[in-house]
Amino acid sequence: MPDQARRDQLAASLAEVHQRIARACTAAGRDPGSVALVAVTKTYPAEDVVLLAGLGVTDVGENKDQEAAAKAAAVAGAGVPVRWHFVGQLQRNKARSVVRYADVVESVDSVRLASALDAAAGRHRDTPLDVLIQVSIDGDPARGGAVDPAAGPPPSDPEHDLRRVAETVAAAGTLRLRGLMAVAPRGWEPARAFEALAATAARLRAGHPDATVLSAGMSGDLEEAVRYGATHVRIGTSLLGMRNPLR
Ligand SMILES: *Cc1c(COP(=O)(O)O)cnc(C)c1O
């Protein structure tokens, strides 16, 4: 697609997403400026990130290290500054790569991963790395996420205990604990999921008052997330279009 046509398409979908966020804020009695947009650009090219940045998007999300590293390099090479959020499941051996380009890692869900990021950030960064802890709302860490022991049975593996992960991040010299991220579990009403998440976020803030970020809500459920206090929504499909399902 020629650049101008793609730009027009992205401008239209971006306006629609901003409108949805603003309407959701109004419905929730919240300030429309209180929810930030993270454009999830996975599977889409660096050119789309550059176009989105030209339209005012400041934050982009990616979920695979190899793809993200290449895209971040291409966008930086084009002289375009954006903040990169890593939102995917992350192996410890990728920590060294991710800390070089990511501004925020939203998917920290184990003590081990927090420690690996701390060590890597100490070696490869000049500035602290912002961290969100990914929460498994249904208590099943299989698809990623730490478990809030105050919300149900404690995790079978203490590595994924939200309190322990939070303590590890908070004590790490090179990491800054900013808040939580979650995806509504399959088969759950989004409202029920985000209500539970809000309770977990309040418990975290009781011990870590600076952990005020709540990254929740995607193309299909941003309204419910905003209703329950999301400060960031992560939008892919509604902005960029359907992704190739085979990927
Ligand atoms: C892909 C992805 C999104 C965006 O999902 P859409 O439904 O396309 O808006 C948000 N968060 C995470 C963690 C993702 O992997």
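Residues numbered from 1 in each chain as written. Predicted model: local features only at pLDDT ≥ 70, side-chain atom pairs only at ≥ 80, totals over all residues. Heavy atoms only, no water.

As annotated in an unreviewed UniProt entry, the protein carries the name Pyridoxal phosphate homeostasis protein and is attributed to Pseudosporangium ferrugineum. Taken from UniProt, the Cofactor (unreviewed entry) comment for the protein reads in full: "pyridoxal 5'-phosphate". Looking at the protein in UniProt, the text filed under Function (unreviewed entry) is "Pyridoxal 5'-phosphate (PLP)-binding protein, which is involved in PLP homeostasis." (UniProt positions renumbered as here; feature names shortened; annotations may be inferred.)

**Student:** How would you sum up the pairing of strand E6 (residues 175-181)? Please name residues and give values.
**Tutor:** With five of seven residues buried, E6 is to be regarded as a mostly interior element. Pairing of strand E5 (residues 129-134) with E6, which is carried by six bridges, proceeds in the parallel orientation. Across the sheet, Asp 130 pairs through a bridge with Arg 176, a residue of E6. Between the parallel pair E5 and E6, the chain is carried across by helix H6 (residues 162-171), and the sense of this crossover is right-handed. The pairing of E6 with strand E7 (residues 213-215) spans three bridges and is parallel. (Buried < 20%, exposed > 50% of the residue type's maximum accessible area, 1.4 Å probe, protein only. Helix = DSSP H or I, 4+ residues; strand = E, 2+ residues; numbered from the N terminus. Pairing = 2+ DSSP bridges. Right-handed = clockwise from strand over helix to strand, strands pointing away.)

**Student:** How would you summarise the UniProt feature "modified residue: N6-(pyridoxal phosphate)lysine" (unreviewed entry) in the protein if you had to cite specific residues and measurements?
**Tutor:** The UniProt record annotates "modified residue: N6-(pyridoxal phosphate)lysine" (unreviewed entry) at Lys 42. Its place among the elements puts Lys 42 in the loop between strand E1 (36-40) and helix H2 (46-54). The residues touching Lys 42, leaving out its near neighbours within four places in the chain, are Gly 61, Glu 62, Asn 63, Glu 67, Lys 71 and Arg 243. (Contact = heavy atoms within 4.5 Å.)

**Student:** I'd love a proper account of the site of the ligand, names of residues and values included.
**Tutor:** Looking at the ligand, the residues that line it are Val 40, Lys 42, Val 87, Met 218, Ser 219, Arg 234, Ile 235, Gly 236, Thr 237 and Arg 243. Ser 219 places a polar side-chain atom, nitrogen or oxygen, 2.5 Å from an oxygen atom of the ligand. Burial of the ligand by the protein chains amounts to 88% of its free accessible area of 380 Å². Structurally, the ligand is housed in the largest pocket. In terms of residue class, the shell around the ligand is built from four nonpolar, three polar and three charged. (Near = heavy atom within 4 Å. Polar contact = N/O pair within 3.5 Å; in protein donor to acceptor, adjacent residues only side chain to side chain. Areas by Shrake-Rupley, 256 points an atom, 1.4 Å probe, with all protein chains shown as cover. 1 Å grid on protein atoms, 1.4 Å probe; cavity = no way out; pocket = protein on both sides within 12 Å on 5 of 7 lines; lining within 4 Å. Sits in = over half its atoms within 2 Å of the grid points. Nonpolar A, V, L, I, M, F, W, Y, C, P; charged D, E, K, R; others polar.)

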